[in-house]
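Fold and geometry: a report
Next come the chains, spelled out residue by residue.
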Amino acid sequence: MYQQRGVDNLIDLRSDTLTKPNTQMMSAITSAELGDDGRLGLDGKGEDPTVNELEMKAARLVGKEDALFCNSGTMANIIALLIFANRGEAIGLDASSHIFQSEKAIFKKEYFGRRAVFYESDEIGKPLIESIDNISSKTLALLCIENTFSMKGGTSLSAKETFLFCEKAASYHLPVHLDGARIFNAAAYLNQPVKNLVQPVTTIQFCLSKGLGAPVGSMLCGSSKFIKQARKVRKLLGGGMRQAGVIAAAGIEALNNIKNVHNDNEKALLLANQIRHHNGIMFMMNKVETNIIVLDLLSNNLTSHEVEKELAIKGLRVKVTSVKQIRLTIYKDITRKDINTAANIINAFFEKYI
Ligand SMILES: *Cc1c(COP(=O)(O)O)cnc(C)c1O
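What you see is a predicted model; the values in this text were computed from it and never measured.

**Thoughts on the site of the ligand**
Ser-72, Gly-73, Thr-74, Asn-77, His-98, Glu-146, Asp-179, Ala-181, Arg-182, Gln-205, Cys-207 and Lys-210 make up every residue found near the ligand. His-98 is positioned such that a nitrogen or oxygen atom in its side chain is 3.4 Å from a nitrogen atom of the ligand. Separating an oxygen atom of the ligand from a side-chain N or O atom of Arg-182 is a distance of 3.0 Å. Among the secondary structure elements, those contributing two or more residues to the shell around the ligand are α3 (73-84) and β7 (203-207). Top contributing element to the shell around the ligand by residue count: α3, with three residues. Class assignment for the residues of the shell around the ligand results in two nonpolar, six polar and four charged.

See the structure below:
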């Protein structure tokens, strides 16, 4: 009944945001109990019971006091950053993090005017903790991390690594915001409850709309006091919602998909293992841990835009992340048969250039 893939029947690996709601999710949407989430009841919560249920479940899942349903990961990150850093204050992050690359309004003078300062990470996205000493200053107000790290190939940070980062932050009395858009892929790879990965951070946002399969939404989680502020900031940004139970119901269903996320990691590894290393032309940047594969193009004769176009003609969509880099992302609607087909298309393409 619901189309799982585009009309052209392409294998589309551009992003895990391409997941579509399944039948169960659609029926949860139609039977959701609704109210006005923008109107606060006497308990300080909104009046949509389905949103409240989702927020309670999300908070419990990550072991924080409370949670706020936001319409995107971008908005959830922006809210957290606005709360922790004032105009002119600095936010410490990795230069290739999603927050710096995409949440641009935060760092633009004409919008929110926070400053970015960069700590160093290694090639698989592990923060070099000593490099935080180099950026510490009176105006540094917040540190951010990303798990999994999208631009470094979907690599994960362990509970221990997260703890050590937060310990360093605490030595400077700094809060830590975790961009955990794909934290469940990390938890599946590390075989750890997500709570352990999140325990030392001050706040976290995770996406419902990627691998978990919801049509819309992200959860911002933290202390009750933080979430109270976050609710106000969300409203200021125009992110207040009304009968949002319609989409929150899908979010609750999405939480039930957490147990299946390991399949996406496994399928990505399957694909990675089938892609041959075409000497001097293409190489896989990362050891594949989760659902993302990054391919670096080494040949001077090839740009990622040409690769993108050629693969699309053969029936495979990929994402261009730079002139010399493409990214493949696996999600639940990609079958094992698709994986084989995708590997064949990629290998056949690069063989032409050897
Ligand atoms: C997708 C993503 C976001 C933003 O989520 P949207 O819902 O697309 O706004 C933030 N951080 C990371 C690492 C992401 O992959």
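Structure's up, so let's keep going.
**A closer look at the state of the cysteines**
Under the criterion given, the structure shown has zero disulfides. No disulfide involves Cys-207; its sulfur sits 10 Å from that of Cys-70, the nearest cysteine. Assessed through its relative accessible area of 5%, Cys-207 is described here as buried. Here Cys-221 is not cross-linked by a disulfide; its sulfur's nearest cysteine counterpart is in Cys-70, at 9.1 Å.

**Topic: the confidence of the model for the chain**
Confidence in the prediction of the chain, expressed as mean pLDDT, is 94, and 98% of residues score 70 or more. Ignoring residues within four places in sequence, the model shows residues 1-7, a span with pLDDT below 50, making twelve contacts including any to other chains.

**Section: the packing of α3 against helix α9 (residues 224-236)**
Helix-helix packing is described using two parameters, namely the angle between the two axes and the distance between the axes. Where α3 meets α9, the axes come as close as 10 Å, and the angle between the chain directions of the two elements is 115°. Judged on the interaxial angle alone, α9 and α3 are roughly perpendicular. The element α3 and its partner α9 pack so that their crossing is right-handed. Of the residues in α9, those touching α3 at Met-75, Ile-79, Ala-80, Leu-82, Ile-83 and Phe-84 are Phe-226, Gln-229, Ala-230, Val-233 and Arg-234. Residues of the contact of α3 with α9, tallied by class, amount to nine nonpolar, one polar and one charged.

**Some words on the sheet that holds strand β2 (residues 66-70)**
Pairing within the open sheet is mixed, and its seven strands lie in the order β2-β8-β7-β6-β5-β3-β4. The outermost strands of the open sheet, each flanked by one partner alone, are β2 and β4 (115-118). For this sheet, the mean inter-axis angle between neighbouring strands, taken without regard to orientation, is 25°. Summarising the sheet, strand β3 (residues 90-93) and strand β5 (residues 140-146) pair through three bridges and their orientation is parallel. Paired with Ile-91 across the two strands is Leu-142, which belongs to β5. Where helix α2 (residues 49-62) meets the sheet, its contacts fall on β2, β7 and β8 (218-222), and the angle it forms with β2 comes to roughly 125°.

What counts and what doesn't
Residues numbered from 1 in each chain as written. Predicted model: local features only at pLDDT ≥ 70, side-chain atom pairs only at ≥ 80, totals over all residues. Heavy atoms only, no water. Near = heavy atom within 4 Å. Polar contact = N/O pair within 3.5 Å; in protein donor to acceptor, adjacent residues only side chain to side chain. Helix = DSSP H or I, 4+ residues; strand = E, 2+ residues; numbered from the N terminus. Nonpolar A, V, L, I, M, F, W, Y, C, P; charged D, E, K, R; others polar. Disulfide = S-S within 2.5 Å. Buried < 20%, exposed > 50% of the residue type's maximum accessible area, 1.4 Å probe, protein only. pLDDT = per-residue confidence, 0-100. Contact = heavy atoms within 4.5 Å. Axes fitted to C-alpha atoms, helices over the stretch in contact; angles between N-to-C directions. Parallel < 35°, antiparallel > 145°, perpendicular 65-115°, else oblique. Left-handed = near helix turned anticlockwise from the far one by under 90°. Pairing = 2+ DSSP bridges.

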